[in-house]
Amino acid sequence: MRRFRTKIALTLLPLLAAGIPAASAQTVRNVVLVHGAWVDGSGWKPVYDILTRDGYHVTIVQEPLTSLVDDVAATKRILDQQDGPTILVAHSYGGSIITEAGMDPHVAALVYVAAHAPDVGENESALGKTMPSVTQSTPGAIVSTPDGFTYLRRDLFPSHFAADLPVAEARFAAQSQVLTAAGVFSTPMTVAAWKDKPSWAIVAAADKIINPDLERFYYKRAGSHVTELQGASHSVYESRPREVAAVIEEAAKHANDKK
């Protein structure tokens, strides 16, 4: 028996010397999910359910949506609670948040889900004007309150934000919007984490909130691993959770791959 164990050890030595780790050691187990404007973290539940079933430790950030600085700080508080490398995922405006917060040392990779990914000095509002979406081209679609907060016109929310969700769910989301400070959209990036961290990205091909061509531009520039989902609306993280979770798990498995 001792001779058998010795033989196995000698067989493994070349692999260990070559620095080849076990596949399970390579997979990142922590995932942090960041929502976008006008919604809260509950929309991530379908993705959360899949990832937790598959053995990932998943935490959802609830941003205050009062300023980019506040939202980045809320994300970093959650990152500080992680016990190891983490996949940082964002939807929509959340992409700007993780572009800033993604420099945190806990972050092993970024995943952009129909999300903005500005460069240093850029902001999503100005970039959106270069490739306007259906919503941006619809007069009065985005409503501002007297104190500087915004929401998507409630009668337009189902067709513009959530066209591929059941109508009852879309209407509830329209009525439960989290009003979002207008300034979050025009705050320039001070860092761009996608320059230093590997990234994966999903283009929602039927997105009416962010022009799909702008999403393609972002992700090509970032050198992201891109998945395009045909027929997917802006609510892709809710309507297509299996595909979204699959991309996150791909990032988790390959975040530590050497380039």
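Scroll up to find the structure.
Rules used in this analysis
Residues numbered from 1 in each chain as written. Predicted model: local features only at pLDDT ≥ 70, side-chain atom pairs only at ≥ 80, totals over all residues. Heavy atoms only, no water. Pairing = 2+ DSSP bridges. Helix = DSSP H or I, 4+ residues; strand = E, 2+ residues; numbered from the N terminus. Expected span 1.5 Å × (residues − 1). Buried < 20%, exposed > 50% of the residue type's maximum accessible area, 1.4 Å probe, protein only. Contact = heavy atoms within 4.5 Å. Core = buried A, V, L, I, M, F, W, Y, C linked by side-chain atoms within 4.5 Å. Axes fitted to C-alpha atoms, helices over the stretch in contact; angles between N-to-C directions. Parallel < 35°, antiparallel > 145°, perpendicular 65-115°, else oblique. Left-handed = near helix turned anticlockwise from the far one by under 90°. Polar contact = N/O pair within 3.5 Å; in protein donor to acceptor, adjacent residues only side chain to side chain.

Participant: Is there a simple way to explain the sheet that holds strand β6 (residues 149–152) in this structure?
Facilitator: Working definition: the strands of a sheet are paired by backbone hydrogen bonds and lie parallel or antiparallel to each other. Taking strand neighbours across the sheet as the criterion, the 3 strands line up as β5-β6-β7 in an open arrangement whose pairing is antiparallel. Each of the sheet's edge strands pairs with one partner strand only, and the pair in question is β5 (142–144) and β7 (180–181). Here 2 bridges tie β6 to β7, and the two strands are oriented antiparallel to one another. For F149, the partnering residue across the bridge sits in β7 and is A181.

Participant: In this structure, what is going on with helix α11 (residues 241–254)? I would like to understand it.
Facilitator: The α-helix winds at 3.6 residues per turn, so residues separated by three or four positions along the chain end up facing the same way. Over its 14 residues, α11 extends 20 Å from the first C-alpha to the last, a length consistent with the 20 Å expected when each residue adds 1.5 Å. Turning to α11, its buried residues number three or more, namely P241, V244, A245, V247, I248, E249, A251 and A252.

Participant: Sorry, what's going on with the environment of P64 here?
Facilitator: Of note, P64 is situated in the loop between β2 (57–61) and α4 (68–79). Once the C-alpha coordinates of P64 and V178 are considered, the two residues, 114 residues apart in sequence, prove to be 8.7 Å apart. Apart from the residues within four sequence positions on either side, P64 is in contact with D70, D71 and A74.

Participant: Sorry, what's going on with the nonpolar core here?
Facilitator: In summary, soluble globular proteins display a tendency toward joint burial of nonpolar side chains. Core analysis: the largest hydrophobic core is formed by 79 residues, its most contacted members being I87 and I248. Of all the elements, strand β4 (residues 107–115) adds the most residues to this core, at 9 residues. Apart from residues no more than four positions distant in its own chain, I87 is found in contact with V28, N30, V31, V32, A109, V111, I248, A251, A252 and A255.

Participant: Teacher, can you tell me more about the packing of helix α3 (residues 45–53) against α11 here?
Facilitator: A packed helix pair is summarised by two numbers, namely the angle formed by the two axes and the spacing between the axes. Closest axis-to-axis distance for the α3/α11 pair is 9 Å, and the angle between their directions is 50°. Considered as vectors, α3 and α11 are oriented oblique to each other. With respect to the hand of their crossing, α3 and α11 are arranged in right-handed fashion. For the pair α3 and α11, the contacting residues are P46, V47, I50 and L51 in the first and P241, R242, V244, A245, I248 and E249 in the second.

Participant: Whenever I open this one, the side chain of T135 confuses me. Can you help?
Facilitator: Its place among the elements puts T135 in the loop between α6 (124–130) and β5. The class for T135 is buried, based on a relative accessible area of 3%. Within the local environment of T135, its side chain forms a polar contact with the side chain of H160, the two groups lying 2.9 Å apart. Other than its neighbours up to four places away in sequence, T135 contacts A141, I142, L152, H160, K208 and I209.

Participant: Looking at this structure, I do not really get the sheet that holds β2. What am I missing?
Facilitator: Taken together, the 6 strands give an open sheet; going across it, the order is β2-β1-β3-β4-β8-β9, and neighbouring strands pair in parallel fashion. The open sheet has two edge strands with one neighbour each: β2 and β9 (225–229). In this sheet, neighbouring strand axes are inclined to one another by 15° on average, regardless of whether the strands run parallel or antiparallel. Pairing geometry for strand β3 (residues 86–92) and β4, over 7 bridges, is parallel. Bridged to H91 within β4 is V113. The strands touched by α11 are β1 (30–34), β3, β4, β8 (199–204) and β9; relative to β8, the strand with the most contacts, the crossing angle is about 165°.

Participant: Looking at this model, I keep getting lost on unusual backbone geometry. Mind explaining?
Facilitator: Only a minority of non-glycine residues have a phi that is not negative, and only a minority of peptide bonds are not trans. Backbone geometry places S92, a non-glycine residue, at a positive phi of 60°. Mapped onto the elements, S92 comes out in strand β3. The exposure class assigned to S92 is buried, which follows from its relative accessible area of 8%. Even without a glycine there, the phi angle at A114 is positive, about 45°. Looking at the element boundaries, A114 is found in strand β4. The buried category is assigned to A114, whose relative accessible area is 0%.

Participant: What's the story with the pairing of β6 in this structure? I'm lost.
Facilitator: As judged from the 3 bridges shared by β5 and β6, these two strands associate in the antiparallel manner. Within the sheet, the bridge partner assigned to S144 lies in β6 and is T150.

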